[in-house]
Amino acid sequence: VNLRMEILRQRYLSETGLKWKDIKDLRSPCEFLCLKDIIFVFILFQTAVLQNLLTDLKQQCINPNDNSFERTFILGKNKYTFGMGGVHTVNKPSCYFSDNQWVTCDVDVASMYPSIILEHNVYPEHLGKEFLKVYGKIKSDRIKAKHDGNKLVDSTLKLSLNGLSGNLQNEHSWVYSPKTVLRIRLNGQLMLLMLAEAFELSQISVIQANTDGLFVQYQKHQQPIVDQICRAWEKTTKLILEADYFESFYQFAINDYVGVKSGYSETKNSKLI
């Protein structure tokens, strides 16, 4: 944890020319926040249940450090819980299989929180837009390291990127900004619900929703529809989706499951489980 934030700190100081003493006591505290002020303008829904959720959210003014806010609703065949920490389906034990007719697929948002930060200019107010430049350079360096096969640099910079979210809500951290972290997480959940809604309206069954991705199942002839939905969502949100395909998926609960990826039957490669 200390290493990943140290990389970010040193790069920020280098970029701005500031000294540690200049920023170590800076924070962006927030005790009261109206959600309508942080929800992205392009967040829109077509179904009454999600339109009502959005209206409800825009009427809420909360303490951003209070994680007790939660809503539940039904979309498609699933019950969802929506809170400040994430959006999840409430799942019962089930098994799903792909065959000549059916496709089981995991659709994830690539680097969800870092991408929201950079694509939608979300940053701690006390650190200014220079923070985005530094954070963006770390992401670019990480992509280059991954492309070059430098696993050490790749994994280290990935930690630096992903370590930010938790520290944004740590009042002892120099990046502390509860408004920023709530803006990232709330809009991330709403964007994921836009995708879930689009799938359900096109008879693409959502099996599971979990923070930054959806498990879906659909008939093979629906693949062009799935692709079209994903590309339209990417254009609206400026985020990128990644897909993994599965031969089978065994679910006990939301975070208790086993998936067997496509190709395992032929290769018996344990990495595909």
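Here the structure is shown first, and the text comes after it.
Rules behind the numbers
- Residues numbered from 1 in each chain as written.
- Predicted model: local features only at pLDDT ≥ 70, side-chain atom pairs only at ≥ 80, totals over all residues.
- Heavy atoms only, no water.
- Buried < 20%, exposed > 50% of the residue type's maximum accessible area, 1.4 Å probe, protein only.
- Helix = DSSP H or I, 4+ residues; strand = E, 2+ residues; numbered from the N terminus.
- Pairing = 2+ DSSP bridges.
- Phe/Tyr/Trp six-rings, centres within 6.5 Å; stacked < 30°, edge-to-face > 60°.
- Lys NZ or Arg CZ within 6 Å of the ring centre and 35° of its normal.
- Disulfide = S-S within 2.5 Å.

Visitor: Pulling in residues and values, what's your account of the pairing of strand β8 (residues 205–209)?
Guide: Judged by how many residues are buried, β8 sits mostly within the fold: four of five residues are covered. Bridge count for β8 against strand β9 (residues 213–219) is four bridges, and the pairing is antiparallel. Residue pairing for β9: Ala209 is matched across the bridge by Leu214. Between β8 and the antiparallel strand that follows it, β9, lie three residues; Thr211 among them carries a positive phi value of about 65°.

Visitor: I'd like a rundown of the pairing of strand β3 (residues 70–75), residues and numbers included.
Guide: One ladder, built from six bridges, connects β3 with strand β4 (residues 78–83); its direction is antiparallel. Considered in β4, the bridge of Glu70 is made with Gly83. Turn length for the β3-β4 hairpin, with the two strands adjacent in sequence and antiparallel, is two residues, and the turn residue Gly76 shows positive phi of about 65°.

Visitor: Tell me about the packing of aromatic side chains, and name the residues and values.
Guide: Going through the model one piece at a time under the given rule, you end up with 13 aromatic pairs. Centre to centre, the rings of Trp20 and Trp174 are 6.5 Å apart; their planes meet at 85°, and the pair counts as edge-to-face. Of the two residues, Trp20 sits in helix α2 (residues 20–23) while Trp174 sits in the loop between α7 (164–168) and α8 (178–201), which places them 154 residues apart along the sequence. A residue is classified by how much of its surface remains accessible, and Trp174, at 6% relative accessible area, is buried. Through pairs of rings, three or more aromatic residues link up here, namely Tyr12, Trp20, Phe131, Tyr135 and Trp174. Lying over the aromatic face of Trp20, Arg9 brings its terminal NZ or CZ to 4.4 Å of the ring centre.

Visitor: Give a detailed account of the state of the cysteines, specifying residues and quantitative values.
Guide: By the definition in use, this model includes one disulfide. Between the sulfur of Cys34 and that of Cys61 lies a disulfide, 2.1 Å long from S to S. Residues Cys34 and Cys61 are joined by a disulfide whose S-S torsion is about 100°; by sign, that bridge is right-handed. With Cys34 in strand β1 (residues 33–34) and Cys61 in strand β2 (residues 61–62), this residue pair connects regions lying 27 residues apart in the sequence. Residue classification places Cys61 among the partly exposed residues on the basis of a relative accessible area of 35%. No disulfide involves Cys30; its sulfur sits 9.3 Å from the nearest other cysteine sulfur, which is in Cys34. A relative accessible area of 14% means that Cys30 is categorised as buried. Looking at the unpaired Cys95, the closest cysteine sulfur is the one in Cys105, lying at 18 Å. Here Cys95 falls in the partly exposed class, since its relative accessible area comes to 47%.

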